[in-house]
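Chains, contacts and geometry: an overview
Here is how the chains run, residue by residue.
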Amino acid sequence: MMLSTIIFLPLVGAAVLVFGRPAPRAARALWLATTVVDLVLLLVLTAGYRTPGPGGLAFAERTAWIPSAGVSYHVGVDGLSLPMLLVTDVLFVACAVWALRESDRVPRLGALFLALQTTCLGLFSAQDLILFFLFFDLSIVAMYAVIAGWGHADHRRSALQFFLYTFLGSLALLVGFIGLYLGADPHTFDIPALVAQAQGGATLGGGLVLGAILLGLAIKTPVVPFHTWLPPAHTDAPAIGSAILAGVLLKMGTYGFLRVAMPLLPDAWRSWAWAILVVGLVSVLYGALVALAQTNLKRMIAYTSVNHLGYVVLAVGAAGLVAPDTAAARQIAITGAVTQMVSHGLITGALFLLAGTLYDRAGTYEMDRFGGLARTAPRYTALFAVGALASLGLPGLSGFVAEFQIFTGSIAATWVAALALAGILLTAALFLSAFHRMFTGRDGPDTRGFADLTGPELAAAGPLLVLSLALGLVPGPLLGVIRPFAESVITALGG
């Protein structure tokens with residue numbers, strides 16, 4: 001029951017905040033304590049993690065839920081879910097630390113974030129398609145409430161746009177899941193059982209089933225052209241809302257590619273591989289080019305998410321290009337894709353928290369209003385510089401480890417991936433331009449009196465970047481956890 005305790009402990013904390021109605025100070029303490037205890041329990045679980053056999057799970061728990069329809073409460077951990085569980089809990093702890101600055105409506109905000117934490121942990125542990133769908137949908141509702149209730153500017157409109165887009169995606173996902181269920185013999189929603197059928201030669205669905213699943217996951221990721229909900233949602237969300245949206249919720253899309261679409265529909269995935277590869281390439285280049293044109297820091301970071309997750313889509317597309325002599329390269333691409341999901345969560349989570357300080361201090365994200373910050377806010381400058389360098393893929397930081405593997409594996413499979421190298425140059429240009437605007441030159445209108453990072457702000461964003469540095473310097477443990485899962489995906493694809 002350890003895994004279920006980790007999943008639902010935040011929900012228990014949320015219930016205490018809702019029904020106990022503690023004072024703001026006690027609510028902040030309870031919120032932080034719940035996330036920290038949950039992370040400690042997950043670290044204890046991680047210490048006992050042993051790589052399962054092919055197709056196996058560690059710490060699996062299963063209980064019949066709707067047996068007549070082949071639905072069960074089935075959760076478990078493998079080399080894909082464990083890194084995502086860890087980055088999820090780390091980011092929620094960072095947001096709870098950041099919220100120590102908050103004074104208004106803390107019990108309700110804390111309850112929403114703790115409930116959202118349960119949905120994220122549940123989805124990354126789910127081994128049943130209906131359970132996956134349930135947590136997927138509940139995360140949409142919780143994030144809608146965060147943006148609508150605690151955002152700024154045109155936040156209600158942005159929240160509604162976010163909800164409608166992503167809820168439409170969830171409906172498409174449900175249609176695809178029902179298609180998988182109908183294609184199975186015996187009928188089941190259990191993911192390991194469906195994987196076993198697919199590897200045994202069963203055809204669980206064709207292009208239409210994969211198309212429905214890809215549509216739902218593409219909106220969530222998001223990839224071009226399904227990305228238009230993302231910039232306004234990020235821009236108008238509170239800082240901690242943006243950090244979780246980018247760092248965790250967007251990964252539900254890329255996680256679904258690896259957990260569901262690729263192993264359950266290998267034939268259809270191979271047929272669609274070139275189209276997926278091109279969509280990834282377009283997202284990489286488009287996201288970087290549009291980010292380069294932004295003057296609003298938060299919108300710029302939002303578009304870099306389109307760019308960085310485009311690399312993940314590029315990698316999973318390349319992995320579907322079956323050739324006997326590229327199996328090893330495709331395995332490297334998958335390992336890089338999962339590493340990118342972890343790296344992007346840490347780096348972009350930190351950058352969105354740092355962007356939030358601009359609005360807190362001056363009520364704007366316009367970069368040109370903050371020239372010369374290096375003189376007045378050295379701690380802020382240092383953390384932003386590390387985040388920018390990590391995001392552009394500087395060696396020694398986690399972004400380099402992820403992108404190096406993605407390009408190594410993808411270029412070996414197709415020359416098209418080489419075109420995506422231009423995305424790295426564009427990312428470097430946009431972050432260097434942003435740094436020049438905000439931190440050098442003459443003081444901007446909002447620079448004078450700009451307060452440097454407070455203790456909670458430094459304690460929230462700093463460790464995320466320290467972890468990015470640690471993964472950049474010592475990536476072996478993370479890669480060792482991911483690699484067996486990557487090998488199992490390539491085996492499922494026929495490599």
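Because the structure is a prediction, the values reported are computed rather than measured.

1. A look at the packing of aromatic side chains
Summed over all chains, the structure comprises 21 aromatic pairs. Between Tyr311 and Phe407, the aromatic rings sit 5.5 Å apart at their centres with planes inclined by 75 degrees, giving edge-to-face as the arrangement. Placement of the pair is Tyr311 in helix α13 (residues 297-319) and Phe407 in helix α17 (residues 398-413), with a sequence separation of 96 residues. An identical accessibility class is assigned to Tyr311 and Phe407; each is buried. With centroids separated by 5.8 Å and ring planes inclined at 70 degrees, the aromatic side chains of Tyr380 and Phe450 adopt a geometry described as edge-to-face. Note that Tyr380 is positioned in helix α16 (residues 378-391) and Phe450 in the loop between α19 (421-439) and α20 (455-473), a separation of 70 residues in sequence. Residue class for Tyr380 comes out buried when judged on its relative accessible area of 1%. By the ring-pair criterion, three or more aromatic residues cluster together here, those being Phe370, Tyr380, Phe384, Phe435, Phe439 and Phe450.

2. Regarding the state of the cysteines
For the structure shown, the criterion picks out zero disulfides. In this model Cys95 remains outside any disulfide bridge; the closest cysteine sulfur is found in Cys120, 10 Å from its own. Note on Cys120: relative accessible area 0%, which makes it buried.

3. Overview of the packing of helix α4 (residues 106-125) against helix α11 (residues 251-264)
At a minimum axis separation of 11 Å, α4 and α11 run at an interaxial angle of 15 degrees. For the element pair α4 / α11, the angle class is roughly parallel. Crossing of α4 over α11 shows left-handed handedness. Contacts between α4 and α11 involve Cys120, Leu123, Phe124 and Ser125 from the first element and Lys251, Met252 and Tyr255 from the second. Of the residues in the contact of α4 with α11, the class split is five nonpolar, one polar and one charged.

4. What about the side chain of Arg259?
Examined against the element boundaries, Arg259 turns out to sit in helix α11. When its relative accessible area of 5% is taken as the criterion, Arg259 is described as buried. Among the polar contacts listed, one links the side chain of Arg259 to the side chain of Asp78, at a separation of 2.8 Å. Setting aside chain neighbours within four positions, we find Arg259 in contact with Asp78, Leu80, Ser81, Gln127, Ile191 and Phe485.

5. Re the pairing of strand β1 (residues 58-66)
Two faces make up the sheet, and in a regular strand the side chains alternate between them. By the bridge criterion, six bridges tie β1 to strand β2 (residues 71-77) in an arrangement that is antiparallel. Paired with Arg62 across the strands is His74, a residue of β2.

6. Topic: the packing of helix α14 (residues 327-362) against helix α21 (residues 476-492)
In the contact formed by α14 and α21, the axes pass within 8 Å of each other and the chain directions differ by 130 degrees. Here α21 runs oblique to α14, going by the angle between their axes. Of the two possible hands of crossing, α14 and α21 adopt the one that is right-handed. Across the interface between the two elements, Ala327, Arg330, Gln331, Ile334, Thr335, Val338, Thr339 and Val342 of α14 pack against Leu478, Leu479, Ile482, Arg483, Ala486, Glu487, Val489 and Ile490 of α21. Within the contact of α14 with α21, the residues separate by chemical class into 10 nonpolar, three polar and three charged.

7. Overview of a nonpolar patch on the surface
Residues Met2, Val36, Val40 and Val44 make up a contiguous nonpolar surface patch of about 300 Å² in total accessible area. The element that contributes the greatest number of residues to the nonpolar patch is helix α2 (residues 24-47), accounting for three residues. By the element assignment, Val44 lies in helix α2.

8. Let's talk about helix α3 (residues 81-98)
Taking 1.5 Å of rise per residue, 18 residues should cover 26 Å, and α3 covers 26 Å from first to last C-alpha, within 8% of that figure. Counted residue by residue, α3 has 17 buried out of 18 residues, so it is predominantly covered.

9. Comments concerning the side chain of Thr335
Here Thr335 shows up in helix α14. Every residue in contact with Thr335, bar those within four places of it in the chain, is listed here: Gln405, Leu479, Ile482, Arg483 and Ala486.

10. Thoughts on helix α1 (residues 2-20)
The terminal C-alpha atoms of α1 lie 26 Å apart, and with 19 residues this matches the ideal 27 Å at 1.5 Å per residue to within 8%. For α1, the principal kink sits at Phe8 and spans about 40 degrees; a proline, Pro10, occurs within the next four residues. Buried residues of α1: Leu3, Ser4, Ile6, Ile7, Pro10, Gly13, Ala14 and Leu17, and no others. Buried residues in α1 make contact with α2, β1, β2, α3 and α4. One or two steps after α1, the chain reaches Arg21, where phi turns positive at roughly 50 degrees.

11. Regarding the pattern of salt bridges
On inspection of all chains with the given rule, the structure shows eight salt bridges. Between Arg62 and Asp190 there is a salt bridge, with its nearest N and O atoms 3.7 Å apart. With Arg62 in strand β1 and Asp190 in the loop between α6 (155-183) and α7 (191-199), this pair connects stretches of sequence that are 128 residues apart. Between Asp443 and Arg375 there is a salt bridge, with the nearest N and O atoms lying 2.6 Å from each other. Remark: Arg375 occurs in helix α15 (residues 373-376) and Asp443 occurs in the loop between α19 and α20; sequence separation between them is 68 residues. For Arg375, a relative accessible area of 55% puts it in the exposed group.

12. Structural notes on the environment of Gly345
Locating Gly345 in the fold gives a position in helix α14. You can call Gly345 buried: its relative accessible area is 0%. Along the backbone, Gly345 and Gly247 are 98 residues apart, and their C-alpha atoms lie at a distance of 3.7 Å.

13. Quick look at unusual backbone geometry
A cis amide bond, omega 5 degrees, links Asp185 with the succeeding residue Pro186. Secondary-structure assignment places Pro186 in the loop between α6 and α7. The omega torsion of the bond from Thr221 to Pro222 falls at -15 degrees, within 30 degrees of zero and hence cis. Among the secondary structure elements, Pro222 is positioned in the loop between α8 (207-220) and α9 (230-236). One non-glycine residue with positive phi stands out, namely Phe59, at about 55 degrees. Positionally, Phe59 belongs in strand β1.

Criteria and cut-off values
- Residues numbered from 1 in each chain as written.
- Predicted model: local features only at pLDDT ≥ 70, side-chain atom pairs only at ≥ 80, totals over all residues.
- Heavy atoms only, no water.
- Phe/Tyr/Trp six-rings, centres within 6.5 Å; stacked < 30°, edge-to-face > 60°.
- Helix = DSSP H or I, 4+ residues; strand = E, 2+ residues; numbered from the N terminus.
- Buried < 20%, exposed > 50% of the residue type's maximum accessible area, 1.4 Å probe, protein only.
- Disulfide = S-S within 2.5 Å.
- Axes fitted to C-alpha atoms, helices over the stretch in contact; angles between N-to-C directions.
- Parallel < 35°, antiparallel > 145°, perpendicular 65-115°, else oblique.
- Left-handed = near helix turned anticlockwise from the far one by under 90°.
- Contact = heavy atoms within 4.5 Å.
- Nonpolar A, V, L, I, M, F, W, Y, C, P; charged D, E, K, R; others polar.
- Polar contact = N/O pair within 3.5 Å; in protein donor to acceptor, adjacent residues only side chain to side chain.
- Pairing = 2+ DSSP bridges.
- Patch = residues over 30% accessible without salt bridge, like charges linked within 9 Å, V, L, I, M, F, W, Y side chains within 5 Å.
- Areas by Shrake-Rupley, 256 points an atom, 1.4 Å probe, with all protein chains shown as cover.
- Salt bridge = Lys/Arg side-chain N within 4 Å of Asp/Glu carboxyl O.
- Expected span 1.5 Å × (residues − 1).
- Bend = angle between axes of the 7 residues up to and from the residue.

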